[in-house]
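# Residue-level structure breakdown
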Amino acid sequence: MAVAVRTDNLRKVYSSSPPAGGFVARPDTKGGNQSKAKIPALDGLSLEVLPGEIFGLLGPNGAGKSTTIGILTTRVRPTSGQAWIGGYDVWKEQTQVKRLIGVVPQRPNLDFSLTAREILVFHAAYFGIGSKQRSERADALLEKFQLMERATHMVRGFSGGMMQRLSIARAMMHDPQVLFLDEPSTGLDPQTRILLWEIIREYHQAGKTLVLTTHNMDEADALCQRLAIVDHGRVIALGTPKELKASIPGGFLLRLRFGNQTPDLLARLQSLAGVREVRAADNTGADVYADRGGSLIPEIASLAASAGAELSDVHISEPSLENLFLHHTGRSLRD
Amino acid sequence: MNWKTFGAMLARDAHVARRNAIQLFLQTFLQPLLFVFIFGRVMVGSGYMPAAYKSLLLPGIIAISMAFTGIWAVAMPLIAEFQWTREIEDRLLAPIGVAWVAIEKVISGVLQALAAGLIVIPLAWLVLRPGVEISIRAPFSFALIILLVAIFSACGGLALGCTIDQQHIGLMFGMVITPMIFFGCAYYPWSALKTFPILQKAVLINPLVYASEGLRATLVPQFPHLPITAVFIALLFFDVLLLCVGLRQFEKKAVS
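Just so we're clear, the structure is a prediction, and the values are computed from it rather than from any experiment. Along each chain, the written sequence defines residue order, and numbers are assigned to residues from 1. For this description, chains carry letters from A and ligands carry numbers from 1, given in the order in which they are written. The predicted nature of this model means local features are confined to residues of pLDDT at least 70 and side-chain atom pairs, given and counted, to a pLDDT of 80 or more, with totals for whole chains, interfaces and linings taken over all residues.

## Description of the overall build of chain A
- What counts as a helix is a DSSP run of H or I of at least four residues, what counts as a strand is a run of E of at least two, and both are numbered from the N terminus. Of the regular secondary structure elements, chain A holds eleven helices and 14 strands.
- Viewed in the frame of its principal axes, chain A has a C-alpha envelope of about 80 × 55 × 40 Å.
- Residue burial here comes from a neighbour count, namely the number of other C-beta atoms, placed from the backbone, that lie within 10 Å of the residue's own C-beta, with 20 or more meaning buried, 12 or fewer meaning exposed, and in between meaning partly exposed. A burial count over chain A gives 42% of its 335 residues as buried.
- Residues are scored as being in contact if the C-beta atoms we place from backbone atoms lie within 7 Å. Sequence-distant contacts, at least 24 apart, represent 72% of the contacts inside chain A between residues at least 6 apart.

## Looking at the overall build of chain B
- A count of helices and strands for chain B gives ten helices and zero strands.
- Taken over C-alpha atoms, the radius of gyration is set against a globule rule of 2.2 Å times the number of residues to the power 0.38. Taken against the 2.2 N^0.38 rule, which gives 18 Å for 256 residues, the C-alpha radius of gyration of chain B at 19 Å falls within 12% of a compact globule.
- Oriented by its inertia axes, the alpha-carbon framework of chain B measures out at about 60 × 40 × 35 Å.
- Expressed as a percentage of the 256 residues in chain B, the buried residues total 47%.

## Looking at helix α3 (residues 53–81) of chain B
All names here are of chain B.
- Take the residue count of a helix, subtract one, and multiply by 1.5 Å to get its expected span. If you check α3, its first and last C-alpha atoms are 42 Å apart, about what 29 residues at 1.5 Å a residue would give, namely 42 Å.
- Maximum bend of α3: about 25°, positioned at Trp72.
- Counting buried residues in α3 gives 26 out of 29 residues, a clear majority hidden from the surface. At every residue, the bend is computed as the angle between two fitted axes, covering the seven residues ending there and the seven beginning there respectively.

## A few points about the interface of chain B and chain A
- Contact with chain B, which involves 28 residues of that partner, is made by 26 residues of chain A.
- Elements that contribute at least two residues to the side of chain B that touches chain A include exactly α1 (3–19) and α4 (89–92) of chain B.
- Top contributing element to the side of chain B that touches chain A by residue count: α1 of chain B, with seven residues.
- Classification convention: Asp, Glu, Lys, Arg as charged; Ala, Val, Leu, Ile, Met, Phe, Trp, Tyr, Cys, Pro as nonpolar; all other residues, Gly among them, as polar. Classifying every residue of the side of chain B that touches chain A gives twelve nonpolar, eight polar and eight charged.

## Some remarks on the environment of Ala41 of chain A
All names here are of chain A.
- The residue Ala41 is located in strand β2 (residues 38–49) in this model.
- Considered as a pair, Ala41 and Leu120 are 79 residues apart in the sequence and their alpha carbons are 33 Å apart.
- In this structure, Ala41 is in contact with Lys12, Tyr14, Gly64, Thr67 and Gly233, ignoring residues within four places of it in sequence.

## A few points about unusual backbone geometry
- Not every positive phi belongs to a glycine, and Glu183 of chain A is a case in point at roughly 50°.
- Backbone geometry places Cys185 of chain B, a non-glycine residue, at a positive phi of 55°.
- Structurally, Cys185 of chain B is set in the loop between α7 (169–182) and α8 (197–202).
- The class for Cys185 of chain B is buried, based on 27 C-beta atoms found within 10 Å.

## What about the domain arrangement of chain A?
- Segmentation into domains, and thus their bounds, comes from an automatic or database assignment. The domain boundaries assigned to chain A delineate domain 1 (5–11 + 38–245) and domain 2 (249–318).
- A C-alpha centroid distance of 42 Å is found between domain 1 of chain A and domain 2 of chain A.

## Quick notes on the nonpolar core
- The biggest cluster of nonpolar side chains holds 167 residues, and the ones touching the most others in it are Phe180 of chain A together with Ala63 and Val149 of chain B.
- Split by domain, the residues of this core number at least three in each of domain 1 (5–11 + 38–245) and domain 2 (249–318) of chain A.
- Phe180 of chain A has contacts with Ile69, Leu72, Thr73, Ile101, Val103, Val104 and Val211 of chain A, leaving out every residue within four places of it along the chain. To form a nonpolar core, buried Ala, Val, Leu, Ile, Met, Phe, Trp, Tyr and Cys residues must be joined through C-beta atoms within 7 Å.

## Some words on the sheet that holds strand β7 (residues 178–182) of chain A
Residues and elements named next belong to chain A.
- Here a strand pair is declared whenever DSSP counts at least two bridges between the two strands. Spatial strand order, β6-β7-β8-β3-β9-β10: six strands in an open sheet with mixed pairing. In this open sheet, the two edge strands, each paired with only one partner strand, are β6 (101–104) and β10 (234–239). Within this sheet the neighbouring strands show an average axis-to-axis angle of 15°, counted without direction.
- Relative to strand β8 (residues 209–214), β7 is paired through five bridges, and the arrangement is parallel. Note that in β8 the partner of Val178 across the bridge is Thr209. Helix axes are fitted to C-alpha atoms over the stretch in contact, other axes to C-alpha atoms as well, and angles between N-to-C directions run from 0 to 180 degrees.

## Things to note about the packing of α1 of chain B against helix α5 (residues 98–128) of chain B
All names here are of chain B.
- Look at α1 against α5: their axes get within 10 Å of each other, and the N-to-C directions meet at 45°. One finds that α1 runs oblique with respect to α5. Here α1 runs over α5; the crossing is right-handed. Each of Phe6, Met9, Leu10, Asp13 and Ala17 in α1 lies in contact with α5, whose residues at this interface are Trp100, Val101, Glu104, Ile107, Ser108 and Gln112. In these notes the angle categories are as follows: under 35 degrees is roughly parallel, over 145 is roughly antiparallel, 65 to 115 is roughly perpendicular, and the rest is oblique. Crossing handedness follows the turn of the near helix against the far one: under a right angle anticlockwise gives a left-handed crossing, and clockwise gives a right-handed one.

## Details of the sheet that holds strand β1 (residues 5–15) of chain A
Residues and elements named next belong to chain A.
- If you walk across this open sheet you meet the four strands as β2-β1-β4-β5, and the pairing is antiparallel. Among the strands making up the open sheet, the edge pair consists of β2 and β5 (88–89).
- Two strands pair when backbone bridges link them, and β1 and strand β4 (residues 80–85) are joined in this way by five bridges, in the antiparallel orientation. Residue Asp8 lies in a different strand from β4, and its bridge partner there is Gln82.
- Where helix α1 (residues 65–72) meets the sheet, it contacts β1, β2 and β4, and its direction lies at approximately 110° from that of β1.

## A short note on the confidence of the model for chain A
All names here are of chain A.
- pLDDT expresses how confident the predictor is about each individual residue, on a scale running from 0 to 100. Confidence along chain A averages 83 in pLDDT terms, with 92% of residues attaining 70 or more.
- Mean pLDDT in chain A bottoms out at helix α11 (residues 321–329), which sits at 76, and peaks at helix α3 (residues 116–126), which reaches 95.
- Note that pLDDT drops below 50 for residues 17–35; the model gives that stretch 15 contacts with residues more than four away or on any other chain.

In structure tokens, the structure reads:
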């Protein structure tokens, strides 16, 4: 029985507190609220993840992806709004929620006092799994994640990739119904990334729900059945990768640069056959959304020549999530 | 309340403590035993200290060992685990309320402090003998005192460990632990401070005073000590206070 995930109008505002805290009195805890810097992370985020799907949260750094995962995994208190895993309210029924979820954090948070195998075995013990079963599962996962020969080593000396693999193995130890992966492939070499993708797909085939965040469009495109594009703490677009890409006017994006650009030129570009939308990009360029790519270039070049504007640079991109993000926000995902 | 999870977290702490046993043993007992040797054997043996000082010193050494062990056992791992690696996260994600994770740390600290108290008694006795005159005439009071001392040390460790950052550990020793030990009436009875009346009142905010005086009252009642009822009340007060402060700080750190 697969489990759904839902959020309703989640808001989160962090009160910034100095990283060095505690022993030295914090000046901003006394002087009222005026001096506290409020950092909004989520601004009314609502979404619904269907049971048994791979759902992606795509967005640039600071968009609110990790805060969303933090709230859904009981680690962040929402300022307002609600979230549910299955039928359980995440904030009010934390223990039941924690039984259903597995979490792979953005930064490995492995227990440095234990060996790789002990990390898995103790994790299973926290979830009340019997000793024979947890030992068998630990061996199976160590084997699967190619960590067997380091099983009895303390994890302090592990490479980033090994820690990441062990984090994923740990999250799977109690066979959770919903697996959260926050930027799972960051810092992984291509080989390990392929292993990770295989494991995610396999877990999904076992009927589990997966929620992952990424700012990698290829990953989102390759893995996710549905995606939410998040920016400034809100969902700005939602759908399957195909639907989302189809929602870009025309599909193709031609980023043009001219020596000098006139409003007249933009209007004439708009009138070309197949052009859906033209947007001025600063003073020397234009972003043209069209339903064809390279075949437009000769027409654009002659149009530019007749308008007295020399075409100096052209970049054609095919339908992609990057274009989608750019279309919705006016910014590149990598900005 | 989920006992399986709680038990597994205790087992994890016991496992880590066993792995670090030699290091824990040295850091807990070396300093008090050297102190016992110098003041109880060298100073007494050479006649600079009266022989009775041996018996006076022993309860204080037990109190210090227990307090230090409990604070250390809870505070140091918490400080490390709440750093940016957030190692404690796997226990915060275990199917149990967040406050129980803190209480498990306290129980683990209490057990370690009790073990330290029970180990240091024969060790110190071996170093000091002959001439130590201790007797457990009220075993129930003694048991209650060491339990309350163990709880105060573990709760103190929780409060400190969730309040200070790694870069302030040195400051914690300089500003909290060291004054606590020296003004904790461990090396002298509280009544010895009567020539410093202000100081004598001021040290009453130090829970270690009640630990030392309480152990003195139950082990070497021939020396002056605070009334045992006052000791019970004060230790109970500090146990509750430090537990409440510790839990509050823990939840603040655990959930953002």
